[in-house]
Amino acid sequence: MNAPANARTSAASEEIASWFQPHVPAMAGYTPGEQPRGGNPIKLNTNENPYPPSPRVLEALRNAIDERLRLYPDPTATAYRQTVADVLGVDPAMVLAGNGSDDLLTILTRAFAGPGRLIVAPTPSYILYRTLAQLQNAPFVEVPYRDDWSLDFDAIVAHQPRLTLLANPNSPSGTALAPEHVGELAARLEGPLVVDEAYADFADANCLNLIARHPNVIVTRSLSKGYGLAGLRVGHLIARPEVVAHLNKVKDSYNCDALSIVGAAAALKDATYLAHTRRLVIATRQRLAQAMRSQFGCQVPESQANFVWCVGGVATEATYLALKERGILTRWMRYPGIVEGLRISVGTDEHIDQLLSALNDIVKLS
Ligand SMILES: *Cc1c(COP(=O)(O)O)cnc(C)c1O
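Residues numbered from 1 in each chain as written. Predicted model: local features only at pLDDT ≥ 70, side-chain atom pairs only at ≥ 80, totals over all residues. Heavy atoms only, no water.

A. Structural view of the sheet that holds strand β12 (residues 339–345). Pairing within the open sheet is antiparallel, and its three strands lie in the order β9-β12-β11. At either margin of the open sheet sits one strand with a lone partner, and together these are β9 (307–310) and β11 (331–335). Neighbour-to-neighbour, the strand axes of the sheet open up by a mean angle of 30°, direction not taken into account. Contacts between helix α12 (residues 271–294) and the sheet are confined to β9 and β12, with β9 contributing the most and set at about 10° to the helix. (Pairing = 2+ DSSP bridges. Helix = DSSP H or I, 4+ residues; strand = E, 2+ residues; numbered from the N terminus. Axes fitted to C-alpha atoms, helices over the stretch in contact; angles between N-to-C directions. Contact = heavy atoms within 4.5 Å.)

Next up, the structure:
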């Protein structure tokens with residue numbers, strides 16, 4: 001409405017952009033899945049656990065809320081790392097705690113990548129990897145998965161990456177490479193291979209044992225998915241003690257707060273509860289995958305995670321929007337030039353019944 005004012009505004013925003021390192025204004029920034037406030041939708045879009053965290057977590061958190069919050073937390077989350085070490089059967093010196101595994105991925109990219117120091121990751125995979133590379137102003141190359149979700153190791157190795165990021169189980173596909181196979185890749189890489197195991201709690205196998213034979217393997221884990229603690233923000237990585245010692249210098253001094261440390265340790269200690277919710281999620285996952293294939297004509301690879309990846313058939317952007325209109329949030333994911341599809345998190349059986357019945361309605365209307 002007022003041209004001179006607009007001109008001034010755009011001059012100011014150009015000047016402001018010039019204050020930054022050039023790669024910051026140039027990048028788009030990561031767009032997390034929608035976290036709607038209000039409306040109470042059925043949330044099947046960000047792979048949160050449909051079941052609450054263990055009651056022991058809530059009890060531990062309540063007991064930790066007192067005047068001790070005056071004090072800084074333990075900078076290295078010793079008690080939590082000891083719990084991780086006990087549960088996984090590793091040395092505590094091999095464990096680094098993080099404010100969610102995204103924090104660990106930030107620490108790893110800060111430590112290993114930068115201008116001229118290449119990051120390689122498969123595609124389609126976790127979209128955050130690109131953002132992390134851009135933040136370090138590091139070159140980033142994506143190597144496509146084959147149609148059967150196997151990986152061309154020659155192509156990865158040929159790039160001589162300084163850092164390789166492998167989500168296993170992968171998102172959005174839910175597929176996983178066998179640990180022996182990941183070990184073959186590790187053996188051929190000169191730099192570190194990060195195996196992002198955010199979904200390992202729902203998988204048949206994991207890559208923890210590779211660390212003994214392959215010093216370049218770094219495994220990251222999250223409490224957000226398997227333990228139903230996405231809101232608490234805790235994860236950990238497991239690597240050789242020498243690797244952890246250097247990474248410790250890169251992290252923020254107090255990257256895990258006092259409550260998170262206590263709550264996450266309580267979660268890890270309740271193995272019975274994890275086994276229970278895991279069994280429920282896996283059973284519902286099988287039912288959901290089967291229905292998407294047989295009733296709705298989608299291609300759905302065998303999932304090792306708490307979501308299913310649907311391509312073709314009813315899996316269209318229009319379906320995503322129609323579901324959203326009915327209060328069911330899923331994630332429409334686009335990998336330009338490669339694939340697009342609908343990623344559906346495994347909810348409770350009731351949520352999935354509602355999803356399937358909504359899909360039936362949508363198919364009838366179209
Ligand atoms: C969810 C997710 C993470 C992040 O987990 P947080 O611990 O919540 O930060 C990391 N990697 C992948 C592949 C994920 O899907």
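B. Up close: the side chain of serine 224. Here serine 224 shows up in the loop between β7 (217–222) and β8 (235–238). There is a polar contact of 3.4 Å between the side chain of serine 224 and the side chain of arginine 233. For serine 224, the residues in contact, after removing those within four places along its chain, are Asn49, Leu229, Ala230, Arg233 and Val234. (Polar contact = N/O pair within 3.5 Å; in protein donor to acceptor, adjacent residues only side chain to side chain.)

C. Highlighting the UniProt feature "domain: Aminotransferase class I/classII large" (unreviewed entry) in the protein chain. The sites that carry the UniProt feature "domain: Aminotransferase class I/classII large" (unreviewed entry) are, in the present numbering, residues 41–359. Strand forms 17% of residues 41–359 and helix 40%; the C-alpha atoms that close the span are 16 Å apart. (UniProt positions renumbered as here; feature names shortened; annotations may be inferred.)

D. Main features of the site of the ligand. Around the ligand, the structure places Gly100, Ser101, Asp102, Tyr126, Asp196, Ala198, Tyr199, Ser222, Ser224, Lys225 and Arg233. Between the ligand and serine 101 there is a distance of 2.6 Å, counted from an oxygen atom to a backbone nitrogen or oxygen. In this structure, an oxygen atom belonging to the ligand sits 2.7 Å away from a side-chain N or O atom of serine 222. The fraction of the free accessible surface of the ligand (390 Å²) that becomes covered by protein chains is 93%. Across the shell around the ligand, the residue classes tally to three nonpolar, four polar and four charged. (Near = heavy atom within 4 Å. Areas by Shrake-Rupley, 256 points an atom, 1.4 Å probe, with all protein chains shown as cover. Nonpolar A, V, L, I, M, F, W, Y, C, P; charged D, E, K, R; others polar.)

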